[in-house]
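# Remarks on the overall topology
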Amino acid sequence: MLRFITGGNYFSSGNEPAENNPVTPMLRHLIYKIKSTGPITVAEYMKEVLTNPAKGYYVYRDMLGEQGDFITSPEISQIFGELLGIWFISEWMATGKSTAFQLVELGPGRGTLVGDILRVFTQLGSVLKNCDISVHLVEVSQKLSEIQALTLTEEKVPLERNVGSPVYMKGVTKSGIPISWYRRLHDVPKGYSFYLAHEFFDVLPVHKFQKTPQGWREVFIDIDPQISDKLRFVLAPSATPAEAFIQHDETRDHVEVCPDAGVIIEELSQRIALTGGAALVADYGHDGTKTDTFRGFCGHKLHDVLIAPGTADLTADVDFSYLRRMAQGKVASLGPIKQHTFLKNMGIDVRLKVLLDKSNEPSVRQQLLQGYDMLMNPKKMGERFNFFALLPHERLQGGRHQRNARQSKPFASLVAGFSELAWQ
Ligand code: SAH
């Protein structure tokens with residue numbers, strides 16, 4: 001077994017008193033695992049804690065909303081999803097109004113976002129009337145997939161379930177659109193698609209590295225020999241394979257790398273390069289500048305990542321510079337740009353005014369204004385969240401679209417959200 005280096009206080013966790021450290025079933029499982037095979041990487045820890053099929057945090061609970069552990073933009077205001085719906089329609093129009101498209105969401109939570117997007121599609125039914133749309137959700141959580149089905153599907157059409165199949169559930173949405181569930185993006189059919197990932201990449205497992213006089217050393221998680229049933233961080237004594245993901249000219253002294261995010265971006269890029277479409281990624285993150293961002297959330301409060309695993313969300317900021325590198329050469333990327341800039345460009349102020357003018361109910365008006373403030377205020381979500389898009393190269397080169405030979409208008413090189421929305 002490797003001998004791990006201890007004693008460094010590099011990370012923002014592990015300082016809770018022992019009495020606040022209940023032995024959860026997940027902690028018991030991890031202690032057993034570490035005792036049998038040795039310390040585990042932070043990536044393995046995150047993967048086990050969040051998505052272990054038997055005990056994972058995401059698998060059996062609804063953690064979203066005021067009663068849960070964290071709240072997301074679509075849960076705060078309907079305007080968020082509506083503007084994203086407009087973004088997809090605007091891209092669909094700018095790229096030649098294909099006769100069919102798939103809307104694919106990664107990690108759809110409660111299904112609120114896709115519900116708001118589909119409502120816009122229905123409202124703009126006259127624009128989309130000759131287009132065959134289908135919805136495809138990539139979700140590992142049994143509990144959340146049930147909530148998504150309740151939110152989105154037509155009760156009178158029974159759901160088809162097949163636990164053993166890559167398409168584990170199928171149904172029809174309230175607006176009559178076919179909808180299917182998958183555990184992996186890989187299993188979603190490879191057709192012309194618009195992809196969406198909101199607060200999805202930040203839950204993917206990260207490897208953490210610390211620069212030492214001997215070079216990069218990976219952070220592992222081990223059992224604390226001083227306190228029973230407690231975990232602690234340690235450093236690997238020698239190089240580990242995930243070091244290959246660190247840039248040669250890296251100047252930070254602590255980095256987090258997320259190979260799973262790279263795999264997903266490569267897959268999205270290949271699909272978009274092959275069939276067209278676009279991907280919109282929204283998340284908190286940085287452009288290759290931050291260091292230790294691994295943290296936990298429980299009941300809307302920061303939570304020590306090593307305490308009571310399985311009861312709190314674990315997350316790390318998305319490194320958009322890495323996503324951009326993984327897309328390079330295959331597709332064009334735009335962003336990251338701040339959420340408040342993106343939503344402003346998408347016309348959030350006009351949409352807010354329309355909704356305010358429609359409502360005389362003071363509580364509704366107050367909710368709309370509070371929601372707007374949460375999404376847009378730079379001190380709240382406005383600057384913390386970023387938008388990033390993957391698009392076929394032709395989309396930005398001002399060429400002629402190939403999908404609809406009848407229309408010979410050149411591409412508009414402006415992409416809504418990243419510049420002001422302009423209907424063509
Ligand atoms: N997009 C939603 C939910 C964000 S929470 C919103 O903004 O409200 C993260 C979502 O990703 C949850 O639905 C969770 O179950 C799902 N998820 C987590 N890890 C996943 C994985 N490896 N593959 C697919 N879905 C995953």
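In the annotation of an unreviewed UniProt entry, the protein chain is listed under the name Protein arginine methyltransferase NDUFAF7 and assigned to Rhinopithecus bieti. Reading the Sequence similarities (unreviewed entry) entry of the UniProt record for the protein chain gives the comment "Belongs to the NDUFAF7 family." Turning to the protein chain, the UniProt record has this under Subunit (unreviewed entry): "Interacts with NDUFS2."

This part is about the pairing of strand 18 (residues 385–391). Burial within strand 18 is extensive, with seven of its seven residues counted as buried. Burial along strand 18 is two-sided: Phe385, Phe387, Ala389 and Leu391 facing one way and Asn386, Phe388 and Leu390 facing the other are all buried. Pairing of strand 12 (residues 277–286) with strand 18, which is carried by six bridges, proceeds in the antiparallel orientation. Following the sheet pairing, Val281 is matched in strand 18 by Phe388. Two strands pair when backbone bridges link them, and strand 17 (residues 332–338) and strand 18 are joined in this way by five bridges, in the antiparallel orientation. Following the sheet pairing, Ser333 is matched in strand 18 by Leu390.

Moving on, we come to helix 12 (residues 362–376). Two residues of an α-helix separated by three or four positions point the same way, owing to the 3.6 residues in each turn. Given a rise of 1.5 Å per residue, 15 residues ought to cover 21 Å, and the 21 Å separating the end C-alpha atoms of helix 12 matches this to within 8%. Within helix 12, burial applies to Leu368, Gly371, Tyr372, Leu375 and Met376. Buried residues of helix 12, viewed axially, fall in a sector of 110°; they line one side. Seen from the buried face of helix 12, the exposed residues on the opposite side, beyond 90 degrees, are Pro362 and Gln367. Where helix 12 is buried, its residues contact helix 3 (73–76), helix 4 (78–94), helix 10 (339–345), helix 11 (348–358) and helix 13 (378–384).

Our next topic: the sheet that holds strand 14 (residues 301–303). Strands sit in the order 14-13-15 across an open sheet of three strands; the sheet is antiparallel. Among the strands making up the open sheet, the edge pair consists of strand 14 and strand 15 (313–315). If you compare each strand with its neighbour and ignore which way they point, the axes differ by 40° on average. Two strands pair when backbone bridges link them, and strand 13 (residues 295–298) and strand 14 are joined in this way by three bridges, in the antiparallel orientation. Paired with Gly296 across the strands is His303, a residue of strand 14.

Attention now moves to the packing of aromatic side chains. For any pair of aromatic rings, the description consists of the separation of the ring centres together with the inter-plane angle of the planes. By the definition in use, this model includes twelve aromatic pairs. The interplanar angle of 85° and the centroid separation of 5.4 Å between the aromatic rings of Trp87 and Phe88 together place this pair among those described as edge-to-face. We note that Trp87, like Phe88, is buried. Aromatic side chains Phe320 and Phe388 sit 5.6 Å apart centroid to centroid with 50° between the ring planes, which places their arrangement in the tilted category.

Mapped onto the secondary structure, Asp202 falls in the loop between strand 7 (193–198) and strand 8 (207–212). Sequence-distant contacts of Asp202, defined by excluding residues within four places in its chain, comprise Met46, Asp283, Tyr284, Leu314, Thr315, Ala316 and Val318.

So, on to the side chain of Glu139. Positionally, Glu139 belongs in the loop between strand 3 (132–138) and helix 7 (142–152). For the buried Glu139, no salt bridge is present, and the opposite-charge side chain at shortest range is Arg183, 9.2 Å distant. At 2.9 Å, the side chain of Glu139 and the backbone nitrogen of Ser141 are in polar contact. Excluding residues within four positions of it along the chain, Glu139 makes contact with Gly107, Pro108, Gly109, Leu144, Ser145, Gln148, Tyr168, Trp181, Tyr182 and Arg183.

The subject of this paragraph is the pattern of salt bridges. Applying the stated criterion to the full structure yields 20 salt bridges. Asp287 is paired through a salt bridge with Arg324; the nearest N and O atoms lie 3.1 Å apart. Remark: Arg324 occurs in helix 9 (residues 320–327) and Asp287 occurs in the loop between strand 12 and strand 13; sequence separation between them is 37 residues. Classification of Asp287 as partly exposed rests on a relative accessible area of 36%. For Arg295, the salt bridge is made with Asp317, and the minimal N-O distance between the two is 3.0 Å. Here Arg295, found in strand 13, pairs with Asp317, found in the loop between strand 15 and strand 16 (318–319); they are 22 residues apart in sequence, far enough to count as distant.

This part covers the site of the ligand. Around the ligand sit 18 residues, and of these Thr72, Gly107, Gly109, Glu139 and His198 come closest. Within the side chain of Thr72, an N or O atom sits 2.6 Å from an oxygen atom of the ligand. Interatomic distance of 2.6 Å between a side-chain N/O atom of His198 and an oxygen atom of the ligand. Starting from 570 Å² of accessible surface for the ligand in isolation, the protein chains cover 93%. Its residues assigned to classes, the shell around the ligand shows nine nonpolar, six polar and three charged.

Reading the values: rules and limits
Residues numbered from 1 in each chain as written. Predicted model: local features only at pLDDT ≥ 70, side-chain atom pairs only at ≥ 80, totals over all residues. Heavy atoms only, no water. UniProt positions renumbered as here; feature names shortened; annotations may be inferred. Buried < 20%, exposed > 50% of the residue type's maximum accessible area, 1.4 Å probe, protein only. Helix = DSSP H or I, 4+ residues; strand = E, 2+ residues; numbered from the N terminus. Pairing = 2+ DSSP bridges. Expected span 1.5 Å × (residues − 1). Arc of directions from axis to C-beta. Contact = heavy atoms within 4.5 Å. Axes fitted to C-alpha atoms, helices over the stretch in contact; angles between N-to-C directions. Phe/Tyr/Trp six-rings, centres within 6.5 Å; stacked < 30°, edge-to-face > 60°. Lys, Arg positive; Asp, Glu negative; His and termini not counted. Salt bridge = Lys/Arg side-chain N within 4 Å of Asp/Glu carboxyl O. Polar contact = N/O pair within 3.5 Å; in protein donor to acceptor, adjacent residues only side chain to side chain. Near = heavy atom within 4 Å. Areas by Shrake-Rupley, 256 points an atom, 1.4 Å probe, with all protein chains shown as cover. Nonpolar A, V, L, I, M, F, W, Y, C, P; charged D, E, K, R; others polar.

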